[in-house]
Amino acid sequence: MGAAAIISLAEARAQKQRVELRRQLHAQFDRWLETLEEHMTEPKPTLEQLTHAVWEVRQELTGSVTAAVVEQRSRPEQEQQHASCPHCGRVVTARGVVSRTVETVVGAVEVSRPYFYCVPCRHGFAPLDSALGLAPGRKQFDLQQAAAKLRAEVPYETAQELFRELTGMPLSTAGLHELSNAVADGIGVLEVAPPREEITAKITAVAEGRRWRPVMVLAIDGADVPTRPETAKSSRPGGKKVRAKRARWQGQWREAKGFRFYLVAEDRIVHLLSWHQIQSDEDLFAALAQVKAAGVIPEEQVRLCVVADGAKWIGSRVRMLFPTAAEILDYYHCAEHLHQLAEVQ
Ligand SMILES: [Zn+2]
């Protein structure tokens, strides 16, 4: 009997919250209608004029609806008073509610959430941001995806223009570059690969006036790259030069593997496509297989050769994908192997 009473109380509360949310949303819709009316100057608009007016102000509605739903769903988190610092684990008290406006494909969304600050770590954080999966910057992941896709398909200026038209959000050239890079971790090689026509045009340019098809190189390698997480911003002791070379945190250096396609044009190379990620051998060859399957590389127009470090795993898999390619051991690894041989002798 007691349990039943508690359940119905919780249900009643949930019901009350739903009613409250509806009331809020309806009020927002009323306000939005007023905005729309202001945008419709013609007494008898054509459909096009009407859709134009709705399109212009659509995000004011969708953005505020999203904000209201977020607000209602995150009530418990809004009241959070204490949180553990993600760096040192110290429990810190909320500094107050801080609003943050993020940009999404449905418009600007204002999120109010308790903000925490750990003094020794000099680190500010809002647990609700992580719970909602917010991107660190103003533009959120949905916009980042859109930017990356556009960037991969069309020239910068067109990408910028389309981005603004489709998302209703302005975007600088630098912003576009940053966004499409930010998303690179989450996207596949085909989204960064230039279209086949672009590669063909470069091949034609290099081939001009020559008897032989140009040499295209596929270089496969691994290299240690520094990885820099957001948390690694504090200053470190030591002179600048020493500091620059020192690993900043455990596991800083990780091996990025990747490949690059380029043309050899006399004494210079013409870059075509590169894909370097912190990834396994399987990932690397899966990406290479995708490139092959998509027909991005016009193999019949070039003489393809593969430059690698001589590792068996590379050779056998390359032969499966590009059976006619000439395999070339790179000079430095060749020298290294000779040195090892000499040592054994
Ligand atoms: Zn801390």
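Residues numbered from 1 in each chain as written. Predicted model: local features only at pLDDT ≥ 70, side-chain atom pairs only at ≥ 80, totals over all residues. Heavy atoms only, no water.

A. Structural detail: the coordination of the zinc ion. At this site the zinc ion is bound by C85 (SG), C88 (SG), C118 (SG) and C121 (SG), with donor distances of 2.3 Å. Around the zinc ion, the 4 donor atoms are arranged such that angles at the metal cover 105 to 114°; this shape is classified as tetrahedral. Between the donor residues of the zinc ion, the gaps in sequence give the motif C-x2-C-x29-C-x2-C. Taken together, the residues C85 in the loop between β1 (82-84) and β2 (91-104) and C118 in strand β3 (residues 107-118) connect sequence positions 33 residues apart. Across the pair, C118 and C85 agree in class, each one buried. (Donors = N, O, S within 2.8 Å, 3.2 Å for Na, K, Ca; no water. Tetrahedral: all angles 85-135°; square planar, octahedral: opposite > 155°, others 65-115°. Helix = DSSP H or I, 4+ residues; strand = E, 2+ residues; numbered from the N terminus. Buried < 20%, exposed > 50% of the residue type's maximum accessible area, 1.4 Å probe, protein only.)

B. Inspection of the pattern of salt bridges at higher detail. Counted under the stated rule, the structure contains 10 salt bridges. Two residues, D129 and R113, come together in a salt bridge whose shortest N-O distance is 2.8 Å. Of this pair, D129 sits in helix α4 (residues 127-132) while R113 is found in strand β3, placing the two residues 16 residues apart along the sequence. Note on D129: relative accessible area 12%, which makes it buried. A relative accessible area of 6% places R113 in the buried class. Across the pair E300 and R196 runs a salt bridge, and its minimum N-O distance is 3.0 Å. Remark: R196 occurs in helix α8 (residues 196-207) and E300 occurs in the loop between α10 (281-294) and β8 (303-308); sequence separation between them is 104 residues. Residue classification places R196 among the partly exposed residues on the basis of a relative accessible area of 30%. Residues participating in the shared-partner salt-bridge network are R100, R113 and D129. (Salt bridge = Lys/Arg side-chain N within 4 Å of Asp/Glu carboxyl O.)

C. Spotlight on a negative patch on the surface. A cluster of like negative charges, contributed by D30, E34, E37 and E38, occupies part of the molecular surface. If you trace the backbone, E34 turns up in helix α1 (residues 2-39). (Patch = residues over 30% accessible without salt bridge, like charges linked within 9 Å, V, L, I, M, F, W, Y side chains within 5 Å. Areas by Shrake-Rupley, 256 points an atom, 1.4 Å probe, with all protein chains shown as cover. Lys, Arg positive; Asp, Glu negative; His and termini not counted. Charge placed at Lys NZ, Arg CZ, Asp CG, Glu CD.)

D. The arrangement of the side chain of Q59 in detail. If you trace the backbone, Q59 turns up in helix α2 (residues 47-73). Within the structure, the side chain of Q59 is placed 2.4 Å from the backbone oxygen of T167, a separation counted as a polar contact. Not counting the four nearest positions on each side in its chain, Q59 is found in contact with S64, T104, V105, V106, G107, T167, G168 and M169. (Polar contact = N/O pair within 3.5 Å; in protein donor to acceptor, adjacent residues only side chain to side chain. Contact = heavy atoms within 4.5 Å.)

E. Structural detail: the sheet that holds strand β4 (residues 123-125). Strand order in this open sheet of 4 strands is β1-β2-β3-β4, and the pairing throughout is antiparallel. Each having just a single partner strand, β1 and β4 make up the two edges of the open sheet. Each neighbouring strand pair of the sheet contributes to a mean axis angle of 50°, computed without reference to strand direction. Note that β2 and β3 share 10 bridges and pair antiparallel. Bridged to V97 within β3 is P114. Contacting β2 and β3, α2 crosses the sheet at an angle of about 35° to β3. (Pairing = 2+ DSSP bridges. Axes fitted to C-alpha atoms, helices over the stretch in contact; angles between N-to-C directions.)

F. Broad picture of α2. Helix length check: α2 (27 residues) gives 37 Å between terminal C-alpha atoms against 39 Å at 1.5 Å per residue, within 8%. For α2, the full list of buried residues reads A53, V57, R58, Q59, L61, G63, A67, A68, V70 and Q72. (Expected span 1.5 Å × (residues − 1).)

G. Representation of the packing of aromatic side chains within the structure. One pass over the full model with this rule turns up 5 aromatic pairs. An angle of 20° between the planes, with centres 5.7 Å apart, marks the rings of F116 and F125 as stacked. With a relative accessible area of 11%, F125 lands in the buried category. Relative to F322, the ring of F261 has its centre 6.3 Å away and its plane inclined at 75°; by these criteria the two rings are edge-to-face. Placement of F261 in strand β6 (residues 253-265) and of F322 in the loop between α11 (312-321) and β9 (326-329) is noted, with a sequence separation of 61 residues between them. Accessibility assignment for this pair places F261 and F322 in one class, buried. (Phe/Tyr/Trp six-rings, centres within 6.5 Å; stacked < 30°, edge-to-face > 60°.)

H. Fine view of the nonpolar core. Counting residues in hydrophobic clusters, the biggest one holds 32 residues, and the most contacted among them are M216, L218, I220, F259, F261 and L288. Only α8, β5 (215-226), β6, β7 (268-277), α10, β8 and α11 provide two or more residues apiece to this core. Ignoring anything within four residues of it in the chain, the contact list for L218 reads F259, R260, F261, L288, L304, C305, V306, V307 and F322. In terms of nonpolar packing, the next biggest core, distinct from the first, is built from 8 residues, L143, F163, M169 and L171 among them. (Core = buried A, V, L, I, M, F, W, Y, C linked by side-chain atoms within 4.5 Å.)

I. Expanded view of the side chain of Q28. Tracing the sequence through the fold places Q28 in helix α1. The buried category is assigned to Q28, whose relative accessible area is 16%. Leaving out residues up to four positions away in the same chain, Q28 has contacts with S64, V65 and A68.

Take it as geometry only, folks, not as evidence of what the structure does.
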